[in-house]
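# Inside the fold
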Amino acid sequence: MPENQTATNVRTGETVTTLVPTADEAYVAALLREREGYARHSRGERLAAVDAELARLGAGVPGGRETAVESRPRRTARKQGG
C-alpha cells in the first residue's frame, strides 16, 4: 500500500501530503510497462520472463491472461533473386 509522505511548501508554508508507492509497487509497475511493450511487439520469450517475475512477486497479469503464445511463427523477409 502506498505510504503517505508529508512535506511543507517552502514558498507558501502549506503542508502537503503525497502518496508515494513502496519499492515493490514501483517495481511491479515498471514490470507491467515492460510487459506491455513486449506484448505489443510479439516478444514471446521476454514476455514469459516478465510474467514469471510478476508471478514470483504475487502480482497478477493484466486481464488475468498468462504468457501470450504466438499463434503462428513470425515471418522474416526473404531475399528475392539470386
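No experiment lies behind these values; they were computed from the predicted model shown. (Residues numbered from 1 in each chain as written. Predicted model: local features only at pLDDT ≥ 70, side-chain atom pairs only at ≥ 80, totals over all residues. Heavy atoms only, no water.)

## Comments concerning the nonpolar core
Of all hydrophobic cores here, the largest spans seven residues; its members are Val28, Leu31, Tyr38, Leu47, Val50, Leu54 and Ala59. Put simply, the parts of the chain that give this core at least two residues each are helix H1 (23–40) and helix H2 (44–57). The residues contacting Ala59, other than those within four sequence positions of it, are Val28 and Leu54. (Core = buried A, V, L, I, M, F, W, Y, C linked by side-chain atoms within 4.5 Å. Buried < 20%, exposed > 50% of the residue type's maximum accessible area, 1.4 Å probe, protein only. Helix = DSSP H or I, 4+ residues; strand = E, 2+ residues; numbered from the N terminus. Contact = heavy atoms within 4.5 Å.)

## Things to note about the pattern of salt bridges
Scanning the model with the defined rule gives four salt bridges in all. Here Arg46 and Glu34 are joined by a salt bridge, their closest N and O atoms 3.8 Å apart. One end of the pair, Arg46, is in helix H2; the other, Glu34, is in helix H1, with 12 residues separating them in the sequence. The exposure class assigned to Arg46 is partly exposed, which follows from its relative accessible area of 33%. According to the relative accessible area criterion, Glu34 is partly exposed, its value standing at 29%. For Glu53, the salt bridge is made with Arg56, and the minimal N-O distance between the two is 2.8 Å. Remark: Arg56 and Glu53 occur in helix H2; sequence separation between them is three residues, near one turn of the helix. Owing to a relative accessible area of 19%, Glu53 belongs among the buried residues under this scheme. Its relative accessible area of 58% is what places Arg56 among the exposed residues. (Salt bridge = Lys/Arg side-chain N within 4 Å of Asp/Glu carboxyl O.)

## Details of the confidence of the model for the protein chain
Summary statistics for the protein chain give a mean pLDDT of 82 and a share of 74% for residues scoring 70 or more. Here residues 67–73 is modelled with pLDDT under 50, and outside its nearest four sequence neighbours on either side it reaches eight contacts, counting other chains as well. (pLDDT = per-residue confidence, 0-100.)

## Side note on H2
If you check H2, its first and last C-alpha atoms are 20 Å apart, about what 14 residues at 1.5 Å a residue would give, namely 20 Å. Leu47, Val50, Asp51, Glu53 and Leu54 are the residues of H2 that are buried. Each buried residue of H2 lies within a common arc of 160° when the element is viewed along its axis, so the set occupies one face. Turned more than 90 degrees away from the buried face of H2, the exposed residues are Glu45, Ala55 and Arg56. Along its buried surface, H2 packs onto H1. (Expected span 1.5 Å × (residues − 1). Arc of directions from axis to C-beta.)

## Considering the packing of H1 against H2
Closest axis-to-axis distance for the H1/H2 pair is 9 Å, and the angle between their directions is 155°. Judged on the interaxial angle alone, H2 and H1 are roughly antiparallel. As for the relative orientation of H1 and H2, their crossing is left-handed in sense. Seen from H1, the contacting residues are Tyr27, Val28, Leu31, Leu32, Glu34, Arg35, Tyr38 and Ala39; seen from H2, they are Arg46, Leu47, Val50, Asp51, Glu53, Leu54 and Leu57. The residue makeup of the contact of H1 with H2, split by class, is 10 nonpolar, no polar and five charged. (Axes fitted to C-alpha atoms, helices over the stretch in contact; angles between N-to-C directions. Parallel < 35°, antiparallel > 145°, perpendicular 65-115°, else oblique. Left-handed = near helix turned anticlockwise from the far one by under 90°. Nonpolar A, V, L, I, M, F, W, Y, C, P; charged D, E, K, R; others polar.)

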